[in-house]
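Spelled out, the chains give:
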Amino acid sequence: MKMFTRLSVLVLVAITVSACSEQEARIELPQPVALSEESVGHYCNMSILEHTGPKAQIHLADNPHPIWFSQVRDGIAFIRSPEEQEDAVVVYVNDMGKATEWDFPGDDTWIDAKAAWFVIGSRKTGGMGTPEVIPFGDEQTASAFTAENGGLVVQLAGIPDAYVLGPAGLGESAQISMTGVDQ
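Rules of the game
Residues numbered from 1 in each chain as written. Predicted model: local features only at pLDDT ≥ 70, side-chain atom pairs only at ≥ 80, totals over all residues. Heavy atoms only, no water. Phe/Tyr/Trp six-rings, centres within 6.5 Å; stacked < 30°, edge-to-face > 60°. Buried < 20%, exposed > 50% of the residue type's maximum accessible area, 1.4 Å probe, protein only. Lys NZ or Arg CZ within 6 Å of the ring centre and 35° of its normal. Core = buried A, V, L, I, M, F, W, Y, C linked by side-chain atoms within 4.5 Å. Helix = DSSP H or I, 4+ residues; strand = E, 2+ residues; numbered from the N terminus. Contact = heavy atoms within 4.5 Å. Arc of directions from axis to C-beta. Pairing = 2+ DSSP bridges. Axes fitted to C-alpha atoms, helices over the stretch in contact; angles between N-to-C directions. Salt bridge = Lys/Arg side-chain N within 4 Å of Asp/Glu carboxyl O.

Visitor: Any chance you could explain the packing of aromatic side chains here in plain terms?
Guide: Aromatic ring pairs are reported here in terms of the distance separating the ring centres and the angle at which the planes meet. In the structure shown here, the tally under the stated rule is five aromatic pairs. A centroid spacing of 5.4 Å and a plane angle of 50° characterise the contact between Phe69 and Phe78, whose relative ring orientation is tilted. The buried category is assigned to Phe78, whose relative accessible area is 3%. Through a chain of ring-to-ring contacts, the aromatic side chains of Tyr43, Phe69 and Phe78 assemble into a single cluster. One residue, Lys124, lies across the ring of Trp102, its end atom 4.8 Å from the ring centre.

Here is the structure:
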């Protein structure tokens, strides 16, 4: 009987430890934050409200305030840059399929970049007038956008580093290496 009691206690401890580990694994992500006058671009130090097109906000570990980017391209460059050693918890981007207008996508269009479909290499530029990584909530809307504006539909992992970390002023003649798309 003592053996059964010890075994029961061990099983109970194992279940408790397992439940705690599962709770820690399910960390609640911060919600997207609405743009305001205090939303200043990380790289340009300008008000995000002064720029048109899709934007990005990145929430870092141990920081209650997001860092802002006037272009999605810059936000992705931040998380991929070897110089930026920040721990990104979540990256939100504007779903341009839900935006009622290109210039000001609105605060109700934020989606997790991990779930987004992106158009790269299109003729449409971002808020700083350079090539943009344009996010959409679904692949079909992104594909419809490319039919009108050119480009290639990819998910976050499919965006070549050279597209976001390379020179921004490549324009329409930019070749997207690694994807086979030539504008």
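Visitor: Quick question: what am I supposed to make of the nonpolar core here?
Guide: A general tendency of soluble globular proteins is for nonpolar side chains to be buried together. Counting residues in each nonpolar core, the largest one holds 22 residues, and the members touching the most others are Ile58, Ile76, Val93, Phe118, Val133, Ile159 and Val164. Elements with a minimum of two residues in this core: strand 1 (56-60), strand 2 (67-69), helix 2 (72-80), strand 3 (88-94), strand 5 (117-120) and helix 4 (161-165). For Ile58, the residues in contact, after removing those within four places along its chain, are Pro66, Ile67, Phe69, Gly75, Phe78, Ile79, Ala88, Val90 and Val91. In this structure, Met96, Ala99, Trp102 and Val119 belong to the second largest nonpolar core, which totals nine residues.

Visitor: Mind showing me how you'd approach helix 3 (residues 139-149) here?
Guide: Helical geometry note: an α-helix holds 3.6 residues per turn, so side chains three or four residues apart project in the same direction. Within helix 3 the residues assigned to the buried category are Ala142, Phe145, Thr146 and Asn149. Seen end-on, helix 3 carries its buried residues on one side only, within an arc spanning 100°. Exposed residues lying more than 90 degrees from the buried face of helix 3 are Gln140, Ala147 and Glu148. The secondary structure elements touched by the buried residues of helix 3 are strand 5, strand 6 (134-136) and strand 7 (152-155).

Visitor: I keep staring at the pairing of strand 3 and nothing clicks. Help me out?
Guide: Consecutive side chains along a regular strand alternate between the two faces of the sheet. Across the seven residues of strand 3, five count as buried, placing the element largely inside the fold. In the sheet, strand 1 pairs with strand 3 via five bridges, with the strands oriented antiparallel. Bridge pairing links Leu60 to Ala88 in strand 3. Where strand 3 meets strand 4 (residues 110-112), three bridges bridge the pair, whose relative direction is antiparallel. Bridging from a neighbouring strand, Tyr92 pairs with Asp112 of strand 4.

Visitor: Help me understand the sheet that holds strand 1, please; the structure alone is not making it clear to me.
Guide: Neighbouring strands of a sheet are bound in pairs by backbone hydrogen bonds; such pairs are parallel or else antiparallel. The sheet built from four strands is open, its strands ordered 2-1-3-4 with antiparallel pairing. Two strands bound the open sheet, and with one partner strand each, they are strand 2 and strand 4. Going across the sheet, the axis of each strand differs from the next one's by a mean of 25°, ignoring polarity. Here three bridges tie strand 1 to strand 2, and the two strands are oriented antiparallel to one another. Within the sheet, the bridge partner assigned to Ile58 lies in strand 2 and is Ile67. Here helix 2 sits on the sheet in contact with strand 1, strand 2 and strand 3, set at roughly 25° to strand 1.

Visitor: Would you mind showing me how to read the environment of Val72 here?
Guide: Take Val72: it is sitting in helix 2. Val72 gets classed as buried once you look at its relative accessible area, which sits at 0%. Taking the C-alpha atoms as reference points, Val72 and Glu132, separated by 60 residues in sequence, lie 6.7 Å from one another.

Visitor: Help me understand the pattern of salt bridges in this model?
Guide: Oppositely charged side chains are able to pair whenever their charged atoms sit close together. For the structure on display, the rule yields one salt bridge. Across the salt bridge formed by Asp161 and Arg80, the nearest N and O atoms sit 3.0 Å from each other. Of this pair, Asp161 sits in helix 4 while Arg80 sits in helix 2, and the two are 81 residues apart along the sequence.

Visitor: How should I be thinking about helix 2 in this particular structure?
Guide: Burial runs high along helix 2: seven of the nine residues are buried. All buried positions along helix 2 are accounted for by Val72, Arg73, Asp74, Gly75, Ile76, Ala77 and Phe78. For helix 2, the elements touching its buried residues are strand 1, strand 2, strand 3, strand 5, strand 6 and helix 4.

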